[in-house]
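Tertiary structure, described
Below are the chains, spelled out letter by letter.
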Amino acid sequence: MSQSSELLNHILRLSEDARVRDESALLQLNEALHDLARTIEYQQHERRQLERITAHINAGLTLEEILENVYEDFRELIPYERIGCALIDNTDQTVTARWARSDGRPIQLRRGYSIPLANSSLATILQTGQPRILNDLRAYLRDKPHSESTQLIVDEGYQSSLTCPLIVNGIPVGFLFFSSAEPYTYAKAHVDVFLQIAAQLSVMVEKGRLVSELASQKNAIERQNRQLVQLNDQKNTFLGIAAHDLRSPLGTIQMAISFLLDPQFDMNEHEQAAVLQDIEGQIQHMLTMIDDLLDVAQIESGKLTLTQEQVDLPVLLATAVTRHNNLAASKGTQVLLDPVPNGSTIGDSMRLRQVLDNLLSNAVKYSPAGSQVVVSAEKLAGFWRISVRDQGPGINPEDRKRLFQDFARLSARPTGGERSTGLGLAISRRVVHAHGGQISVDSEPGHGSTFWFTLPE
């Protein structure tokens, strides 16, 4: 029964007694009427205050904005130095901290802290639908020493708390936790006042949660749209460059075949062999480009599968160096291998050979005649660092910015007129990252380049 109802009943009793009693009863009646007037006036003031506060709180849009308004405004109604909010996840029936603010004390019960709802004290609060007051948190902790959340709040320096259930249309959505640094702060709290706006507050918090989720989903959709636009641009770049780079060798092949088929051109066997070798070279270039394009597409689609095995690094490096040393002989370039420490890594030997082939072929491609390309490997703390050092023209800062991007074309030109798809380093970057390593280059214009990558030991 409310205070005003009790006063009214008391007045009625006094009024009845006043008929048969003396003037003292009339004085008591007069005093009771004044008390009733003051109570009604206070309740009207309190109602206006609550309407103002709830209007201000509801002006917030996101969950954080609404809770910040709660923190600023509720001090007129309830004493506290800390407010926390936790929401219920109906999928797994857990309670997760979503927001907290204090008057300066370090917060230990942070966002993301989660506990199961079943068989917890919070489940009891939902069953009753009534706020819970703990006037001595330290005593409560002594009785329930396994309450981790209470321990965290006590460690923050609080001694009493008021927990309010948030229920919307009969469905529990979460809790608000008011905490005070003093014990028994809420012993005489006007819980009935709090309950007057608990339903409104629940609706506002739920509104804020939904708005926050919609904003998060909107941001996620915008990110996905940007990624789709980027992928579409990349696809168009792929198609444009592929069409351009395939058109040229196809045109050369078509012209060569025309020469071979035209009876007006009487070519001897040596000339025919030269034309056929040119056709073979053009076809090999196109096949390499198609393989690279397929590699990029496979990796970008997440379908790159590594066949993990124990890879003997000295053997892997020696094999790669021997193969490229033979290819570099026509340019008068030497490919050398520094002594390699014994050891191995876990990885895909075929893909690692692809990385080495890309780095070595580039080094030979941009190295002048009579120069050396040196491969080395060193074992560091928990990983290998493998380097390919050349004596080429080096790489300028502008080229370095796009060096490992798809279809990157450098300002420097191959010394032997070799062709490049512009995908080798981009593929190498993806393969090295898939192995948990890093790849980069150390270079200065005019002083050669050292491409290096790391692999786990």
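Here's a quick rundown of the structure. Values in this document were obtained by computation on a predicted structure and should not be read as measured data.

1. Focus: the packing of helix 9 (residues 313-328) against helix 10 (residues 349-365)
The contact between helix 9 and helix 10 brings their axes to 10 Å, and the two run at 35°. Crossing hand, helix 9 versus helix 10: right-handed. Contacts between helix 9 and helix 10 involve Leu316, Leu317, Ala320, Val321, Arg323, His324 and Ala328 on the former and, on the latter, Ser349, Leu352, Arg353, Leu356, Asp357, Leu360, Ser361 and Val364. Tallied by class, residues from the contact of helix 9 with helix 10 come to nine nonpolar, three polar and three charged.

2. Remarks on the sheet that holds strand 11 (residues 383-389)
Across the sheet, five strands lie side by side as 8-10-11-13-12; this open sheet has mixed pairing. With partners counted over all chains shown, the strands left at the sheet margins are strand 8 (334-337) and strand 12 (439-443), one partner each. Taking each pair of neighbouring strands and ignoring which way they run, the sheet shows an average axis angle of 20°. Here strand 8 pairs with strand 10 (residues 372-379) via four bridges, running parallel. By the bridge assignment, Leu337 is partnered in strand 10 with Val375. Against the sheet, helix 9 makes contact with strand 8, strand 10 and strand 11, and its axis sits at roughly 165° relative to strand 8, the strand it touches most.

3. A word on the pairing of strand 5 (residues 160-168)
Taking burial as the measure, the nine residues of strand 5 include eight buried ones, the bulk of the element. Relative to strand 5, strand 4 (residues 132-134) runs antiparallel, the two sharing three bridges. Within strand 5, the residue paired with Leu134 across the bridge is Ser161. Here strand 5 folds back onto strand 6 (residues 171-180), and the loop between the two strands holds two residues, one of which, Asn169, carries a positive phi near 50°.

4. Examining unusual backbone geometry
One non-glycine residue, Asn119, lies in the positive phi region at around 60°. Mapped onto the secondary structure, Asn119 falls in the loop between strand 3 (114-116) and helix 4 (121-128). Given the relative accessible area of 84%, Asn119 is considered exposed. Phi is positive for Tyr184, close to 60°, though the residue is something other than glycine. Looking at the secondary structure, you find Tyr184 in the loop between strand 6 and helix 7 (191-261). Assessed through its relative accessible area of 53%, Tyr184 is described here as exposed.

5. Notes on the pattern of salt bridges
Within the structure shown, the criterion is met by seven salt bridges. The partner of Glu64 in a salt bridge is Arg111, and the shortest N-O contact between them spans 3.5 Å. In this pair, Glu64 is assigned in helix 3 (residues 63-73) and Arg111 in the loop between strand 2 (94-102) and strand 3, connecting sequence segments 47 residues apart. When its relative accessible area of 57% is taken as the criterion, Arg111 is described as exposed. Residue Glu72 pairs with Arg101 through a salt bridge whose shortest N-O separation is 2.8 Å. With a gap of 29 residues between them, Glu72 in helix 3 and Arg101 in strand 2 connect regions that are remote in the sequence.

6. What about the sheet that holds strand 3?
Taken together, six strands build an open sheet; the order of strands is 3-2-1-6-5-4 and the sheet is antiparallel. Each edge of the sheet is formed by a strand with only one pairing partner; in this case those strands are strand 3 and strand 4. Between one strand axis and the next, the sheet turns through 20° on average, direction left out of account. In this structure, strand 1 (residues 82-89) lies alongside strand 6, joined through six bridges in antiparallel fashion. Paired with Leu87 across the strands is Gly174, a residue of strand 6. On top of the sheet, helix 4 reaches strand 1, strand 2, strand 3, strand 4, strand 5 and strand 6; it is set at about 115° to strand 6, its chief contact.

About the cut-offs
Residues numbered from 1 in each chain as written. Predicted model: local features only at pLDDT ≥ 70, side-chain atom pairs only at ≥ 80, totals over all residues. Heavy atoms only, no water. Axes fitted to C-alpha atoms, helices over the stretch in contact; angles between N-to-C directions. Helix = DSSP H or I, 4+ residues; strand = E, 2+ residues; numbered from the N terminus. Left-handed = near helix turned anticlockwise from the far one by under 90°. Contact = heavy atoms within 4.5 Å. Nonpolar A, V, L, I, M, F, W, Y, C, P; charged D, E, K, R; others polar. Pairing = 2+ DSSP bridges. Buried < 20%, exposed > 50% of the residue type's maximum accessible area, 1.4 Å probe, protein only. Salt bridge = Lys/Arg side-chain N within 4 Å of Asp/Glu carboxyl O.

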